[in-house]
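Residues per chain are reported as follows:
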Amino acid sequence: MKRNHTMMQFFEWHVAADGKHWKHLAEMAPELSSTGIDAIWIPPVTKAVSAEDTGYGVYDLYDLGEYDQKGTVRTKYGTKQELVDAIAECQKNGIAVYVDLVMNHKAGADETEVFKVVEVDPHDRMKEISQPFEIEGWTKFTFPGRGDEHSAFKWNFDHFNGTDFNAKEGRSGVFRIVGENKTWNKNVDDEFGNYDYLMFANIDYSHPAVKKEMLQWGGWLVDTLQCSGYRLDAIKHINHEFIKEFAAEMVHKRGEDFYIVGEFWNPDLASCREFLDTVDYRIDLFDVSLHYKLYSAALGGRDFDLSTIFNDTLVQSHPGNAVTFVDNHDSQPHEALESWVGDWFKQIAYALILLRRDGYPVVFYGDYYGIGGPAPIEGKKAAIDPLLYARYHKAYGEQKDYLDHPNTIGWVRLGVEEIEGSGCAVVISNGDKGEKRMQVGKHRAGEVWVDFTGTRKEKLTIGQDGWAAFPVNGGSVSVWALPHEENEE
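Small disclaimer: the values here were computed from a predicted structure and weren't measured.

A. Representation of the packing of helix H1 (residues 21–34) against helix H2 (residues 80–92) within the structure. Where H1 meets H2, the axes come as close as 8 Å, and the angle between the chain directions of the two elements is 15°. Considering the angle they form, H1 stands roughly parallel to H2. When you trace H1 past H2, the crossing you get is left-handed. Facing H1, whose interface residues are Trp-22, Lys-23, Leu-25, Ala-26 and Ala-29, H2 presents Glu-82, Leu-83, Ala-86, Glu-89 and Cys-90. Each residue belonging to the contact of H1 with H2 can be placed in one class, and the counts come to 7 nonpolar, no polar and 3 charged.

The structure is reproduced here in structure tokens:
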């Protein structure tokens, strides 16, 4: 019997820029494995514009903390060797590693070039607000610290279709590069008229040499790191046909088990479905719509109707392609997509992703270990650990839902024979304390169950008909199950 899979996003925006993160991951691998975490999503591993950059301001895709470039050999997280060692340590502990890929843009060019652009309206990129004119743009990448090692490809303005800074005038804007076959790519999100352009120098996936180079790089990276999968950043801004080709190429190279999840930040289900259709369901997507439901539920308190929590979510419509999460580095406070799920609802939110049958759940480093930076937030390891324990040992078998009340909902997992003592009953309230009568099976008659969250201290006996009334505190979650012998008094 396979155990439930659980991923951890092993970073938050304010991880200390001391170059020790890969070492930290290697040290934590045994402990993470013991909690049931069997996959880790790590931040971008490539050289960015500085040693402080989180990795999304990507400079050289072939520099994994090996060359003296941008004032540093290591990245924010450490050296190439420390990265390779950390991945090996994770794998030794049964943890798959998924690497974050930033393929939409490049930053921190080595030289400027002069070329023609038209300026477009940032709120409607299809609307030109100038005639073609010359700018001086940061688009030439020669990688003086690395030279031609790993790849001799050098980037220039011909390999991009947009940029955001005119060095000649010292001003910012959205500038579409003019030239043969130069336009925004049409296979992208249609926000702002066309959302091909996000930031920095925007990679042009209509260019055959660019596509070839990026496919080669993807293959080189997986060979170099021996990782088990990729997390693709900002894919609504990248030619969807290229994403499909890239995914197919990586799976062809590494086998069907190679895992790919994409960040398609769009809560609209129709758009997600259209994207999944385009890429032949070769990749999973983060369930952004569920994240926003959890955010709304945290804000709404008792006024939010809990019986609707899974309506219009990816995990409900496409359970096999949904990666569920509560928060991440972009939704954390003061970041680009801030939509932080409030403290009182955090444990409830994690119960909603960790203890159900569907979805591939991610535990966020910032929720588990805490957030650093100017406005620190304490970690909630103590609240999440019992749920991880219940996911690993208890949350198996058929699921019966009791999502039938606006303020008190529950579900049961009936367990499986192969995992002794498995099965559980989860009950959640966003209002007053209450209870939910649920059936856990006649074979459970007379069993004495406890609340694994430790919120409710009493013991509860399952009735002869397999039913019981499972209590929960107000604004809380309780996870009822048969105690493991070591937990019994």
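After that view, the rundown keeps rolling.
B. Just the sheet that holds strand S5 (residues 96–101), in detail. The 8 strands are arranged S1-S2-S5-S13-S14-S15-S16-S17 in a closed barrel whose pairing can be described as parallel. On average, adjacent strands in this sheet sit at an angle of 25° to one another, irrespective of strand direction. Two elements, strand S1 (residues 7–9) and strand S2 (residues 39–42), share 3 bridges in a ladder whose sense is parallel. Bridge assignment links Gln-9 to a residue of S2, and that residue is Trp-41. Docked against the sheet, helix H4 (residues 240–254) engages S5, strand S13 (229–232) and strand S14 (259–262), running at close to 170° with respect to S13.

C. A look at the side chain of Glu-263. With respect to the element layout, Glu-263 can be found in the loop between S14 and helix H5 (269–278). There is a polar contact of 2.8 Å between the side chain of Glu-263 and the backbone nitrogen of Ala-234.

D. Expanded view of the packing of helix H3 (residues 208–225) against H4. In contact at an axis separation of 10 Å, H3 and H4 are set at 35° when each is read in the N-to-C sense. As for how H3 packs across H4, the hand of that crossing is right-handed. Along its contact with H3, which presents Lys-211, Met-214, Leu-215, Gly-218, Gly-219, Val-222 and Asp-223, the element H4 presents Phe-242, Glu-245, Phe-246, Glu-249, Met-250, Lys-253 and Arg-254. For the contact of H3 with H4, the class distribution of residues is 6 nonpolar, 2 polar and 6 charged.

The rules behind each value
- Residues numbered from 1 in each chain as written.
- Predicted model: local features only at pLDDT ≥ 70, side-chain atom pairs only at ≥ 80, totals over all residues.
- Heavy atoms only, no water.
- Axes fitted to C-alpha atoms, helices over the stretch in contact; angles between N-to-C directions.
- Helix = DSSP H or I, 4+ residues; strand = E, 2+ residues; numbered from the N terminus.
- Parallel < 35°, antiparallel > 145°, perpendicular 65-115°, else oblique.
- Left-handed = near helix turned anticlockwise from the far one by under 90°.
- Contact = heavy atoms within 4.5 Å.
- Nonpolar A, V, L, I, M, F, W, Y, C, P; charged D, E, K, R; others polar.
- Pairing = 2+ DSSP bridges.
- Polar contact = N/O pair within 3.5 Å; in protein donor to acceptor, adjacent residues only side chain to side chain.

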